[in-house]
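# Observations on chain architecture
Read off the chains here:
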Amino acid sequence: MSAPLSPTLAWVALIAAGLLDVAWAITLKYAEGYTRPAWTLTSLALLGAFVFLLGRAMQALPIGTAYAVWTGIGACGTVLMGATLFGEALDPARLGGIALVLAGIVVLKLAPG
């Protein structure tokens, strides 16, 4: 069993896990229902990587904080990448929602504990 990460490294791992979650979601789209082998393998590799990093981060951070931040990064990043790569709508309401999620992530980061 490896030693827990320092809080700073745990936050780095958590942010990396969130970004890998975004990449994983995009590869799901490109994998087309897991019918494209290269995208499928990429998707599975990203899944393993972000679960590993999330688990390591959760050794040093509160589980509720870690999970909320990870899902927030994943949700915001996926909305933005969906708009960038696939032309999905990015209207003021969606941008406002992203801003609220990001504000929540900042509050969780600054909260004691």
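Everything below is about the structure shown above.
This text gives an overview of the structure that appears in the document.

Definitions and cut-offs
- The written sequence of each chain sets the order in which its residues are numbered from 1.
- It should be noted that, the model being predicted, local features are given only for residues of pLDDT at least 70 and side-chain atom pairs only at 80 or more, the latter also being counted only at that level, while totals for whole chains, interfaces and linings use all residues.
- Only heavy atoms go into the side-chain values, all of them from the structure, while hydrogens and water stay out.
- Joining through side-chain atoms within 4.5 Å is the link that ties buried Ala, Val, Leu, Ile, Met, Phe, Trp, Tyr and Cys residues into a set, and such a set is a nonpolar core.
- Accessibility here uses a 1.4 Å probe with only protein chains present; expressed as a share of the type maximum, an area under 20% marks a residue as buried, one over 50% as exposed, and anything in between as partly exposed.
- Starting at the N terminus, helices and strands are each numbered in turn, a helix being any DSSP run of H or I of at least four residues and a strand any DSSP run of E of at least two.
- Should any heavy atoms of two residues lie within 4.5 Å, those residues are counted as being in contact.
- Note on aromatic pairs: the rings of Phe, Tyr and Trp (six-membered ring only in Trp) are paired at centre separations within 6.5 Å, and the planes decide the class, stacked below 30 degrees, edge-to-face beyond 60, tilted for the rest.
- Expected helix span is computed as 1.5 Å times (number of residues minus one).
- The angle between two axes is taken between their N-to-C directions and runs from 0 to 180 degrees, where each axis is a line fitted to C-alpha atoms and a helix contributes only its stretch in contact.
- Each angle gets one of four labels, with under 35 degrees taken as roughly parallel, over 145 as roughly antiparallel, 65 to 115 as roughly perpendicular, and the rest as oblique.
- Working rule for handedness: look at the near helix, and if it is turned counterclockwise from the far one by less than a right angle, call the crossing left-handed; if clockwise, right-handed.
- The nonpolar class holds Ala, Val, Leu, Ile, Met, Phe, Trp, Tyr, Cys and Pro. Asp, Glu, Lys and Arg form the charged class, and all remaining residues, Gly among them, are polar.

## Some details on the nonpolar core
Counting 15 residues, the largest nonpolar core has Leu14, Leu61, Val69 and Trp70 as its most contacted members. With five residues, helix H1 (residues 7-31) is the largest single contributor of residues to this core. Setting aside chain neighbours within four positions, we find Trp70 in contact with Leu14, Ala17, Gly18, Asp21, Phe50 and Leu54.

## Section: the environment of Leu46
With respect to the element layout, Leu46 can be found in helix H2 (residues 37-58). Along the chain, Leu46 and Ala17 lie 29 residues apart, while their C-alpha atoms are 9.2 Å from each other.

## Considering the packing of aromatic side chains
Inspection of the entire model under this criterion finds five aromatic pairs. Taken together, a centroid distance of 5.3 Å and an interplanar angle of 40 degrees make the contact between Phe50 and Trp70 tilted. Here Phe50 is found in helix H2, whereas its partner Trp70 is found in helix H3 (residues 63-86), with 20 residues between them in sequence. Here Phe50 falls in the buried class, since its relative accessible area comes to 4%. Note on Trp70: relative accessible area 11%, which makes it buried. Each ring, one from Tyr67 and one from Trp70, has its centre 5.4 Å from the other, and the planes form 50 degrees; the classification is tilted.

## Observations regarding H1
Over its 25 residues, H1 extends 35 Å from the first C-alpha to the last, a length consistent with the 36 Å expected when each residue adds 1.5 Å. Among the residues making up H1, those that are buried are Ala10, Trp11, Ala13, Leu14, Ala17, Gly18, Asp21, Val22, Ile26, Thr27 and Ala31. In this fold, the buried residues of H1 make contact with H2, H3 and helix H4 (92-110). Positive backbone phi, at 50 degrees, marks Glu32, one or two positions downstream of H1.

## Some details on the packing of H1 against H2
Remark: H1 packs on H2, axes separated minimally by 8 Å, with the N-to-C direction vectors making an angle of 160 degrees. On the basis of their axis angle, the class for H1 and H2 is roughly antiparallel. As H1 packs across H2, the resulting crossing turns out to be left-handed. Counted by class, the contact of H1 with H2 contains 19 nonpolar, four polar and one charged residues.

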